[in-house]
Amino acid sequence: MEYVIQQLINGISVGSIYALIALGYTMVYGIIKLINFAHGDIFMVGAFVGLVSAKMFQVQGFSPLWVFLLSLLISMMVSAILGVLIEKIAYKPLRNASRISVLITAIGVSFLLENGGIFFIGPQAQGFPEIIPKKQYHLFGSVQLDSNQIMILAVTLVLMILLQLIVHHTKIGKAMRAVSFDMEAAYLMGIQVNTTISATFAIGSALAAAAGVIYGMTYNSFDPLMGIIPGLKAFVAAVLGGIGIIPGAFIGGILLGVIETAVSSMGYSLWRDGVAFAILILILIFKPSGLFGKNVREKV
């Protein structure tokens with residue numbers, strides 16, 4: 001029983017990272033029905049900005065907590081700006097184009113960010129600095145919880161709640177929901193559709209950056225291709241929960257992390273990625289709208 005609880009804790013920790021990335025996927029899809037496959041690479045850019053910021057603040061002698069908070073904030077801000085630029089340059093001109101054109105463009109932007117990272121940063125993996133020293137906490141028996149796992153879940157929950165407040169209790173959030181329901185009607189009602197879409201990309205990219213910083217701290221590693229697999233798995237998580245539905249993305253990420261960890265704990269770690277994509281196939285066959293989706297247009 002203790003072993004099961006330990007693996008459940010580990011799974012929730014991994015799933016929280018997927019959930020943060022998946023929230024960006026689901027927000028963009030909920031607004032303009034676009035699968036932004038460059039989202040995983042924004043996650044990579046966020047991790048790199050966090051790495052550089054952390055090293056800079058550590059050299060200046062900031063306390064670990066301030067190093068983490070400032071690195072997280074700067075990473076989210078830079079990635080938010082990058083997300084808006086990508087939307088303005090790559091996606092906005094194709095707003096009325098066919099979906100396949102936009103999808104190909106998203107894949108092209110993904111390759112551009114990956115190869116740009118290799119060109120400017122180098123292909124070698126780099127060590128991510130230990131921002132906050134890890135501490136082990138014994139809960140009961142052999143069950144352990146480290147400070148990193150607590151931090152991951154806390155940041156994910158805070159950002160998730162903040163996102164829900166923005167979407168349901170702010171003017172821009174109401175605009176997002178209106179555009180999600182009917183873009184043309186929202187435009188006729190005087191809503192600034194372009195501004196709303198840009199805000200959606202900014203928020204989604206900021207969440208991906210937060211996941212990138214947390215991922216780097218957890219695995220103590222960074223490389224320009226690090227966003228490929230987590231990005232794809234976050235897409236699986238978004239589809240599993242119901243793409244376009246914010247709570248669904250969160251639950252989907254947690255579920256995927258728990259399932260992956262369970263597979264690894266049973267000695268099938270080489271099958272972990274395969275199981276994740278098998279879930280995608282099964283959910284598309286038996287419930288394409290996802291666990292929390294309905295057979296109507298999704299709303300944010």
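Residues numbered from 1 in each chain as written. Predicted model: local features only at pLDDT ≥ 70, side-chain atom pairs only at ≥ 80, totals over all residues. Heavy atoms only, no water.

### A few points about the pairing of strand 2 (residues 136-140)
Right, on to step 1. With four bridges joining them, strand 2 and strand 3 (residues 143-146) adopt antiparallel strand pairing. From the neighbouring strand, His138 faces strand 3, where its bridge partner is Gln144.
Right, on to step 2. In this antiparallel pair of consecutive strands, strand 2 and strand 3, the connection spans two residues, and Gly141 shows a positive phi of 55 degrees. (Pairing = 2+ DSSP bridges. Helix = DSSP H or I, 4+ residues; strand = E, 2+ residues; numbered from the N terminus.)

### Some points on unusual backbone geometry
Right, on to step 1. Despite not being glycine, Lys33 shows a phi value in the positive range, around 55 degrees.
Right, on to step 2. Since its relative accessible area comes to 19%, Lys33 is described here as buried.
Right, on to step 3. Within the chain, Asn220 stands out as a residue other than glycine whose phi angle is a positive 50 degrees.
Right, on to step 4. With respect to the helices and strands, the residue Asn220 is situated in the loop between helix 8 (193-219) and strand 4 (221-222).
Right, on to step 5. Classification of Asn220 by relative accessible area gives partly exposed; the value is 34%. (Buried < 20%, exposed > 50% of the residue type's maximum accessible area, 1.4 Å probe, protein only.)

### Notes on the confidence of the model for the chain
Right, on to step 1. Averaged over the chain, the pLDDT score is 87; the fraction of residues at 70 or greater is 98%.
Right, on to step 2. Within the chain, the lowest mean pLDDT, 78, falls on strand 2, and the highest, 93, falls on helix 3 (residues 64-91).
Right, on to step 3. Across residues 296-300, confidence stays below pLDDT 50; counting only partners more than four residues off in sequence or on other chains, it has 21 contacts. (pLDDT = per-residue confidence, 0-100. Contact = heavy atoms within 4.5 Å.)

### Here's the deal with the packing of helix 5 (residues 147-169) against helix 10 (residues 246-265)
Right, on to step 1. In contact at an axis separation of 11 Å, helix 5 and helix 10 are set at 165 degrees when each is read in the N-to-C sense. The orientation of helix 5 with respect to helix 10, classified from their angle, is roughly antiparallel. The hand of the helix 5/helix 10 crossing is right-handed. For the pair helix 5 and helix 10, the contacting residues are Thr156, Leu157, Met160, Leu163, Gln164 and Val167 in the first and Ile246, Pro247 and Phe250 in the second.
Right, on to step 2. Counted by class, the contact of helix 5 with helix 10 contains seven nonpolar, two polar and no charged residues. (Axes fitted to C-alpha atoms, helices over the stretch in contact; angles between N-to-C directions. Parallel < 35°, antiparallel > 145°, perpendicular 65-115°, else oblique. Left-handed = near helix turned anticlockwise from the far one by under 90°. Nonpolar A, V, L, I, M, F, W, Y, C, P; charged D, E, K, R; others polar.)

### Looking at the nonpolar core
Right, on to step 1. Grouped together as the largest cluster of nonpolar side chains are 84 residues, with contacts concentrated most on Leu20, Leu23, Ile86, Tyr91, Leu163 and Leu207.
Right, on to step 2. Ranked by the residues each element gives to this core, the list is headed by helix 8, at 15 residues.
Right, on to step 3. Not counting residues within four places of it along the chain, the set of residues in contact with Leu23 comprises Met160, Leu163, Leu207, Ile246, Ala249 and Phe250. (Core = buried A, V, L, I, M, F, W, Y, C linked by side-chain atoms within 4.5 Å.)

### Comments concerning the packing of aromatic side chains
Working definition: an aromatic ring pair is given by the centre-to-centre distance plus the angle between the planes.
Right, on to step 1. Scanning all chains against the criterion turns up eight aromatic pairs.
Right, on to step 2. Their ring planes at 65 degrees and their centres at 5.2 Å tell us that Phe57 and Phe62 sit as a pair that is edge-to-face.
Right, on to step 3. Ring pairing ties together the aromatic residues Tyr25, Phe37 and Phe235, which thus form one cluster.
Right, on to step 4. The residue whose ring lies beneath Lys33 is Tyr29, and the NZ or CZ to ring-centre distance is 5.7 Å. (Phe/Tyr/Trp six-rings, centres within 6.5 Å; stacked < 30°, edge-to-face > 60°. Lys NZ or Arg CZ within 6 Å of the ring centre and 35° of its normal.)

### Comments concerning the side chain of Glu260
Right, on to step 1. Of note, Glu260 is situated in helix 10.
Right, on to step 2. Other than its neighbours up to four places away in sequence, Glu260 contacts Tyr18, Lys233, Arg272 and Ala276.

### Observations regarding the pattern of salt bridges
Right, on to step 1. All told, the structure shown has three salt bridges when counted by the stated rule.
Right, on to step 2. Of the charged contacts in the structure, one is a salt bridge between Lys233 and Glu260, with a shortest N-O distance of 2.9 Å. Taken together, the residues span a long stretch of sequence, with Lys233 in helix 9 (residues 228-241) and Glu260 in helix 10 at a distance of 27 residues.
Right, on to step 3. On the basis of relative accessibility, which here comes to 2%, the residue Lys233 falls in the buried class.
Right, on to step 4. The class of Glu260 is buried, set by a relative accessible area of 3%.
Right, on to step 5. Because the salt bridges share partners, they merge into one network encompassing Lys233, Glu260 and Asp273. (Salt bridge = Lys/Arg side-chain N within 4 Å of Asp/Glu carboxyl O.)

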